[in-house]
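For reference, the chains in residue letters:
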Amino acid sequence: MFKGRIQLLRALALALCVGSVSAQKIINLPTGSWANDITPDGEVVVGTFDFGNGFIWRWRVDPAPTVILGGDVVGVSDDGSVVCGNIPDPGNSGASVAAIWTAASGWQSLGWLPTASLGCGDRSSAYDISGDGTTVVGLSWVNGCNARGFRWTSATGMQELQGLANGSNRCSAISGDGSALGGFAQGTFSRTPAYWAPNTSGFVLDANFQGEVHGFNENGSKSVGTKYFSGSSFTAFIRDAQTGVMTNLGGLLGGNWAGTASDLSEDNKVIVGYDVNQLSRKAWVWTSTDGIKSLNDRLTALGVVGAPNLLVCRAVSDDGNVVVGGGEAGGGGPFGFGGFIVEFNTPSPQWTDLGNGLAGTQGIPKLVGTGALTAGSPTSVVLTKGKPSSPAAYVVGISTIYASFKQGVLVPFPDYLVLVPALAPSGSVGLPFTWPAGVPGGVSLYWQCLISDPVGPSGFAISNALQSTTP
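Residues numbered from 1 in each chain as written. Predicted model: local features only at pLDDT ≥ 70, side-chain atom pairs only at ≥ 80, totals over all residues. Heavy atoms only, no water.

1. Observations concerning the overall build of the protein
Regarding its fold elements, the protein presents two helices and 39 strands. Computed over C-alpha atoms, the radius of gyration of the protein comes to 23 Å, within 12% of the 23 Å expected from 2.2 N^0.38 for 471 residues, which places it in the range of a compact globule. A principal-axis box enclosing the C-alpha atoms of the protein has dimensions of 80 × 45 × 45 Å. With 471 residues in all, the protein has 52% of them scored as buried. A sequence separation of at least 24 residues applies to 51% of the contacts in the protein between residues at least 6 apart. Each charge sign in the protein was given a centre, from 24 positive and 31 negative side chains, and these centres are 5 Å apart. (Helix = DSSP H or I, 4+ residues; strand = E, 2+ residues; numbered from the N terminus. Rg over C-alpha atoms; globule rule 2.2 N^0.38 Å. Buried < 20%, exposed > 50% of the residue type's maximum accessible area, 1.4 Å probe, protein only. Contact = heavy atoms within 4.5 Å. Lys, Arg positive; Asp, Glu negative; His and termini not counted. Charge placed at Lys NZ, Arg CZ, Asp CG, Glu CD.)

2. Description of the packing of aromatic side chains
For the structure shown, the criterion picks out nine aromatic pairs. Look at Phe405 and Phe460: their rings are 5.7 Å apart centre to centre, the planes differ by 70°, and that puts the pair in the edge-to-face class. With Phe405 in strand β33 (residues 400–405) and Phe460 in strand β38 (residues 460–462), the pair connects residues that are 55 residues apart, well separated along the chain. Ring centres of Phe433 and Trp435 lie 6.2 Å apart, and the angle between their planes is 35°; this geometry places the pair in the tilted category. Each of the two residues, Phe433 as well as Trp435, counts as buried. (Phe/Tyr/Trp six-rings, centres within 6.5 Å; stacked < 30°, edge-to-face > 60°.)

3. Side note on unusual backbone geometry
With phi around 55°, Asp50 is a residue other than glycine that occupies positive phi space. Note that Asp50 resides in the loop between β3 (44–49) and β4 (53–58). We classify Asp50 as partly exposed; its relative accessible area is 34%.

4. Concerning the sheet that holds strand β11 (residues 136–142)
By definition, the strands of a sheet pair up through backbone hydrogen bonds, in either a parallel or an antiparallel sense. Strands sit in the order β10-β11-β12-β13 across an open sheet of four strands; the sheet is antiparallel. Two strands in the sheet have a free side with no partner beyond their single neighbour: β10 (124–129) and β13 (157–160). If you compare each strand with its neighbour and ignore which way they point, the axes differ by 30° on average. Summarising the sheet, β11 and strand β12 (residues 146–153) pair through seven bridges and their orientation is antiparallel. Residue pairing in the sheet places Leu139 in a bridge with Gly149 of β12. (Pairing = 2+ DSSP bridges. Axes fitted to C-alpha atoms, helices over the stretch in contact; angles between N-to-C directions.)

5. Regarding the nonpolar core
Core analysis: the largest hydrophobic core is formed by 21 residues, its most contacted members being Leu367, Val381, Leu383, Tyr394, Trp447 and Ile451. Contributions of two or more residues to this core are made by β31 (378–384), β32 (392–397), β35 (416–420), β36 (429–434) and β37 (444–452). Element by element, the count of residues in this core is highest for β37, at four residues. With 15 residues, the next largest nonpolar core counts Leu299, Val304, Phe340 and Val342 among its residues. (Core = buried A, V, L, I, M, F, W, Y, C linked by side-chain atoms within 4.5 Å.)

6. A word on the sheet that holds β31
Reading across from one edge, β30-β31-β36 is the order of the three strands in this open sheet, with antiparallel pairing throughout. With partners counted over all chains shown, the strands left at the sheet margins are β30 (366–370) and β36, one partner each. Here the average twist between neighbouring strands, direction ignored, is 10°. Across five bridges, the pairing between β30 and β31 is antiparallel. The residue bridging Thr370 from the neighbouring strand is Ser380, located in β31.

7. A closer look at the environment of Asp72
Mapped onto the elements, Asp72 comes out in strand β6 (residues 72–76). Look at Asp72 and you get partly exposed, because its relative accessible area is 22%. Ignoring any residue separated from it by four or fewer positions in sequence, one finds Asp72 in contact with Thr48, Gly52, Asn53, Gly54, Cys84, Gly85, Asn86 and Trp107. Among the polar contacts made by the side chain of Asp72, one reaches the main-chain amide nitrogen of Asn86 at a distance of 3.0 Å. (Polar contact = N/O pair within 3.5 Å; in protein donor to acceptor, adjacent residues only side chain to side chain.)

8. With respect to the pattern of salt bridges
Summed over the entire model, instances satisfying the criterion amount to nine salt bridges. The partner of Glu212 in a salt bridge is Arg191, with the nearest N and O atoms 2.8 Å apart. Of the two residues, Glu212 is situated in strand β18 (residues 211–216) and Arg191 in strand β16 (residues 191–196); the sequence distance between them amounts to 21 residues. The exposure class assigned to Arg191 is partly exposed, which follows from its relative accessible area of 36%. Ionic pairing is found between Asp353 and Lys366, a salt bridge with its closest N-O pair at 3.6 Å. (Salt bridge = Lys/Arg side-chain N within 4 Å of Asp/Glu carboxyl O.)

9. A short note on the confidence of the model for the protein
Across the protein, the average pLDDT comes to 89, with 93% of residues at 70 or higher. Predicted confidence is poor over residues 1–5, with pLDDT under 50, and the contacts of this stretch with residues over four places away or in other chains come to six contacts. Taken together, the stretch residues 17–23 has pLDDT below 50 and engages in 21 contacts with residues farther than four places along the chain or on a different chain. (pLDDT = per-residue confidence, 0-100.)

Structural data, given as structure tokens:
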């Protein structure tokens, strides 16, 4: 058996340069729900349920979503412990207010700007939350129903963001690290894309531009949204903050349909969104490989049948693998819609997370393995949350050692190393390959990643370890 495992390692050494990933699925959430956000690792999904309530679901672990009564949910922190949303004003004004929720404390009102007005529907509304769960952004109605963007932290309370362009504005999105805020201001003709900094100062690109910002990557270097470039409709965009270049991604349907980008993966290779025409919506996914295609068409091409008409993509995991949003459901009943979770590459039960990670720049690096581990099956071991552009190494072993290493734990015996000269700017790397033939059942391999990272206790961060076992 030991000789066979050595041969397996040799076969893997030849296979690790080739491969692709497959296996995909859709999970339809309860009728009357809508999925609004997902944690960067794709594990926790949050959204609204039954008009005025919310849900949170660690969907790989828990059998069903947990309903959060008394408020809708629009955003979630990176670890899934804090959500933001909106609740009825505790002061019984009849309006709603922005709020945060944790399992320990329940809903807590964030209040409103000092000059907030009644009679405008809401005193304040939350739209997004930072990755660490400490900062919430949104809008508050002031001085006779004028919209003003806000930034809230427990230390500062609710702060009004700088008024930009010609009037009302809203902050709709915040980057994971909290460094970039975006939304819209009232421009020359209509809404125009607007950006703010944590100190509440902001700018518009051009008051004549029409559009708005809907999402950021982790460090705010990239943003997505919708803009009128030319022609007859709005189209989706991605903007590079460093260069200022705004790239037109187009739309799905053209004509009177407006394309809107909602979120993007950390490597910018997957962008999700939807087209809108009055009350109609159509969900799409853009990739750097083949551009915009409807989410329904992508699932059909992958062999997924029975999916409802998918209307809106709201968020995507950092690796671009898990997409959430809402679509038609319920056969046109009183709640003729429902949320969805789409996973393009389904983790196999042949993979076990052994933990033992060591935090670095972006927290504990995340290692995920996928594939059925049968002859010729597509297999992939993907690292995320490493230090961007840093060198790294996959450690693969036929046994475990659980040795002390750089104040962490190295789980595999280092039988084989795959060196990575530099992670992607997002801190990720994939190792796709085709599983070799001739491997008997019950054979285990152990995987872990080491990342050079000065934030780590001894200059290294270490991912969780994985065990892969052939069926």
